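# Overview (structure and organization)
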Amino acid sequence: MSALVDFAEVAVGDELPGIRIPLRRVDLVMYAGASGDFNPIHWNERTAVAAGLPNVIAHGMLTLAETTRVVTDWTGDPGSVVSLSCRFSRPVPVPDDDIGTALRVGGRVAEKLPAEQIAVELSAFLDDAEDSESAVLTQARAVVQL
Amino acid sequence: MPAYHVGREQIREFATAIGDNNPAYYNVDAARVLGYQDLIAPPTYPFTLTMRAMATAIFDPDLGLDYSRVVHGEQHFEYERPISAGDELVVRAQIASIEARDRNEFLTTRCRVQTVQDELVVTTSEIIVSRGTAV
């Protein structure tokens, strides 16, 4: 375990570098294959619409994986994460075109904890002009060991 | 259920699928520089194992879940250490509760991911939601 960040230099309120994450249908298919989650709502529009969803939606865990990159890129060491949690607050529809959709993910230092641990509040929003204030994750939090 | 052997290529394939190019997921030397014996897996990787363990319950006809109505509601991980290539893992899964709120049903599970030598690696809890199926 060896993080790039120095505990003493971290302040509550620090913003971690955000990332824009494009998501296309092929990304969902790749994630289905790599994770073993073949629920058809993540690749079959017919099933998704019949189940009352607006379109095929991204796997919640794909959204969380992409969001977690904000902290693992920051510390440099993915093994620095000691806990991770979130609520999936709204679906991420992915249209069947060459653009798909995109997420804006970020993080902010929420708390400095004992034993050189840092709690980071994570955020993930649809990167869409009409719907840009819609959080797709809430109560998303990672604790890292520096 | 037999132990799940975590392989390097699986970790690389998973990391590629989540678009994450952290060298600790691809390059053994880079993982060793960070102090690990072998490639480590991304923090969300344990869900691929806990989901397999929960599938037994999710697809149990007696529980009667319609999979296309199921979405992920909540997820928690507590790590003792990252999962690493070469690990032989088993999952101890339990259904903690099933409750209905409005028209939705909430299934809460808790899982312990441990090695075949009984070393605890990750503890998880997850809530899956069956949308619009409560009577």
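Please refer to the structure placed before this passage.
Summary of the structure given here. Predicted, not measured: the structure shown is a model, and the values here were computed from it.

Here the focus is the overall build of chain A. Looking only at helices and strands, chain A has three helices and five strands in total. Once the C-alpha set of chain A is aligned to its principal axes, its extents read approximately 50 × 30 × 25 Å. Considering only contacts within chain A whose residues lie at least 6 apart along the sequence, 71% involve residues at least 24 apart. A total of about 6200 Å² of accessible surface is found on chain A, and carbon and sulfur atoms cover 51% of it. On chain A, the mean spot of the 11 positive side-chain charges and the mean spot of the 21 negative ones are 4 Å from each other.

The interface of chain B with chain A comprises 36 residues on the first partner and 40 residues on the second. Across the chain B/chain A interface, buried area totals approximately 3000 Å², and carbon plus sulfur atoms make up 57% of it. Three residues stand out in chain B for area buried against chain A, namely A17, I18 and L34 of chain B, and they jointly supply 16% of the buried area on that side. Linking chain B with chain A are one salt bridge. In this structure, R87 of chain A engages E74 of chain B in a salt bridge whose closest nitrogen and oxygen atoms are separated by 2.9 Å. For the side of chain B that touches chain A, the residue count by class is 18 nonpolar, 11 polar and seven charged. As defined by bridge partners, strand 2 (residues 81–88) of chain A adjoins strand 2 (residues 70–79) of chain B across five bridges and the pair is classed as antiparallel. Opposite R87 of chain A, over in strand 2 of chain B, you have E74 of chain B as the bridge partner.

Right, let's talk about the side chain of S80 of chain A for a bit. Residues and elements named next belong to chain A. In this fold, S80 is placed in the loop between helix 3 (60–75) and strand 2. Given the relative accessible area of 0%, S80 is considered buried. A polar contact is formed between the side chain of S80 and the backbone oxygen of D77, at a distance of 2.6 Å.

Following the sequence through the fold, T124 of chain B ends up in strand 5 (residues 120–130). One polar contact links T124 of chain B to E126 of chain B, side chain to side chain, over a distance of 3.1 Å.

This brings us to a nonpolar patch on the surface. Together, V29, F38 and W43 of chain A make up an exposed nonpolar region whose accessible area comes to about 330 Å². Among the secondary structure elements, F38 of chain A is positioned in the loop between helix 1 (25–35) and helix 2 (45–50).

In this section: the nonpolar core. Formed by 76 residues in total, the largest nonpolar core has its most connected members in W74 and I118 of chain A together with I83 of chain B. If one sorts the elements of this core by residue count, helix 3 of chain A sits on top with seven residues. In this structure I83 of chain B touches V6, L39, I40, A41, Y45, P46, L49, L89, V113, V121 and V122 of chain B, once residues within four positions along its chain are discounted. The next biggest cluster of nonpolar side chains, apart from the first, holds five residues, and it includes A24, L34, Y36 and I40 of chain B.

Thresholds, definitions, all that
- Residues numbered from 1 in each chain as written.
- Chains lettered and ligands numbered in written order.
- Predicted model: local features only at pLDDT ≥ 70, side-chain atom pairs only at ≥ 80, totals over all residues.
- Heavy atoms only, no water.
- Helix = DSSP H or I, 4+ residues; strand = E, 2+ residues; numbered from the N terminus.
- Contact = heavy atoms within 4.5 Å.
- Areas by Shrake-Rupley, 256 points an atom, 1.4 Å probe, with all protein chains shown as cover.
- Lys, Arg positive; Asp, Glu negative; His and termini not counted.
- Charge placed at Lys NZ, Arg CZ, Asp CG, Glu CD.
- Buried area = accessible area lost by both parts, 1.4 Å probe.
- Salt bridge = Lys/Arg side-chain N within 4 Å of Asp/Glu carboxyl O.
- Nonpolar A, V, L, I, M, F, W, Y, C, P; charged D, E, K, R; others polar.
- Pairing = 2+ DSSP bridges.
- Buried < 20%, exposed > 50% of the residue type's maximum accessible area, 1.4 Å probe, protein only.
- Polar contact = N/O pair within 3.5 Å; in protein donor to acceptor, adjacent residues only side chain to side chain.
- Patch = residues over 30% accessible without salt bridge, like charges linked within 9 Å, V, L, I, M, F, W, Y side chains within 5 Å.
- Core = buried A, V, L, I, M, F, W, Y, C linked by side-chain atoms within 4.5 Å.

Purely geometric numbers; function is a separate question.
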